[in-house]
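Structural overview
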Amino acid sequence: MTYEHILASKDGDVGIIQLNRPHVLNALNLKIIDELVAELERMDGDDSIRAILLTGNDKAFAAGADIAEMADEATVSMLLKDQFSVWDRIAKINKPIVAAVSGFVLGGGCELMMNCDIIVASETTRIGQPEIKLGVMPGAGGTQRLTKVVGKVKAMEMLLTGESITAQEALDFGLINRVVPVELYFEEALKLAKKIAEQPPIAVRLIKKTVGKALDVPLDEGMDYERNAFYLLFASEDKSEGMKAFIEKRKAKFTGR
């Protein structure tokens, strides 16, 4: 399928999506989000893809929302547009999403990054939620996801000043997984995605869903969910193959069944 604002490709079992509005630092307008979510859902339903890699370019993963698209909007028009309902579908993607980010990761770009499961950043990355400087605030999860990851006091500082943080600071606060030189961030993220793609797909899917529950429910409810998922995997062929391969000292061949 051909898109206007994203590029979609595949490397083995890994689906790759690149945001492709370089002339505006990958600013997120309604069109690019619609295309991104459509391709994420397509890859999620493709059995030949076991992990998804999302990236931008060296200068910007995404520098925020397309302000020109919103400048003349009013409350009722924004309400009726319901633009964030499309964003909500990103959280429902079952396959793991690895982000390779560099340069500007601001506003909606930061919110998009936080929808991913594993994040590799280049040393040049700057991450922030600068909406306050425009007289507004995040609307795609910035106040919620950022607070859950970095804690209240750091989230308040970032949200109320609009100032960005470095990749190393983001790593220290647990917001990203790795910081690497700019020439290596994509390759490092792809390597991680390929490693995940080698794992049993059903277990990967249930782990992603169970970790998501850990952020949203009390511990006892999360533990019940985890144990039920654990028991469920004993009905899979991949469980039998994985344990048999371990005993036979060979590499397992997982089929997703």
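On a predicted model such as this, the values are computed, not experimentally measured, just so you know. (Residues numbered from 1 in each chain as written. Predicted model: local features only at pLDDT ≥ 70, side-chain atom pairs only at ≥ 80, totals over all residues. Heavy atoms only, no water.)

1. Quick look at the sheet that holds strand 6 (residues 104–106)
We count it as follows: Two strands pair if DSSP finds at least two bridges between them. Only DSSP runs of H or I reaching four residues or more are called helices, and only runs of E reaching two or more are called strands; each is numbered from the N terminus.
Read across the sheet, four strands follow the order 4-6-8-9 without closing on themselves; strand pairing throughout is mixed. Edge positions in the sheet fall to strand 4 (60–62) and strand 9 (165–166), since each of these pairs with one other strand and no more. Judged from the two bridges that link them, strand 8 (residues 126–128) and strand 9 form a sheet pairing that is antiparallel. Its bridge partner being in strand 9, Ile 127 is matched across the sheet by Ile 165.

2. Re the layout of surface pockets
As a reminder of what qualifies: A cavity here means a set of points on a 1 Å grid, drawn over the protein atoms and nothing else, where a 1.4 Å probe fits but cannot get out; a pocket is an open set with protein on both sides within 12 Å along at least five of seven lines, and a residue lines either one if it has an atom within 4 Å of a point. Grid points are joined across faces, edges and corners, and a volume is the space filled by probe spheres set on the points. Three classes are used: nonpolar for Ala, Val, Leu, Ile, Met, Phe, Trp, Tyr, Cys and Pro, charged for Asp, Glu, Lys and Arg, and polar for all others, with Gly counted as polar.
Considered as a void within the structure, the largest pocket measures approximately 1,300 Å³ in volume. Listing elements by their share of the lining of the largest pocket, those giving two or more residues are strand 5 (97–101), strand 7 (118–122), helix 6 (142–150) and helix 10 (201–214). It is helix 10 that contributes the most residues to the lining of the largest pocket, nine residues altogether. Split by residue class, the lining of the largest pocket holds 19 nonpolar, eight polar and ten charged.

3. Focus: the packing of helix 6 against helix 7 (residues 152–161)
To keep it simple, the criterion reads: Fitting a line to C-alpha atoms yields each axis, with helices limited to the stretch in contact; the angle taken between N-to-C directions then spans 0 to 180 degrees. Roughly parallel refers to an angle under 35 degrees, roughly antiparallel to one over 145, roughly perpendicular to one between 65 and 115, and oblique to any angle outside these ranges. When the near helix sits turned anticlockwise from the far one by under a right angle, the crossing is termed left-handed; a clockwise turn instead gives a right-handed crossing. Note on contacts: a residue pair qualifies if any of its non-hydrogen atoms lie within 4.5 Å across the two residues.
Across the interface, helix 6 lies against helix 7 with an axial gap of 7 Å and an inter-helix angle of 140°. When the axis of helix 6 is compared with that of helix 7, the two are oblique. Judged by the twist between their axes, the crossing of helix 6 over helix 7 is right-handed. For the pair formed by helix 6 and helix 7, the contact residues are Gly 142, Thr 143, Leu 146, Thr 147 and Val 150 on the first element and Lys 152, Lys 154, Ala 155, Met 158 and Leu 159 on the second. Partitioning the contact of helix 6 with helix 7 into residue classes produces five nonpolar, three polar and two charged.

Any functional reading would require information that these geometric values do not contain.
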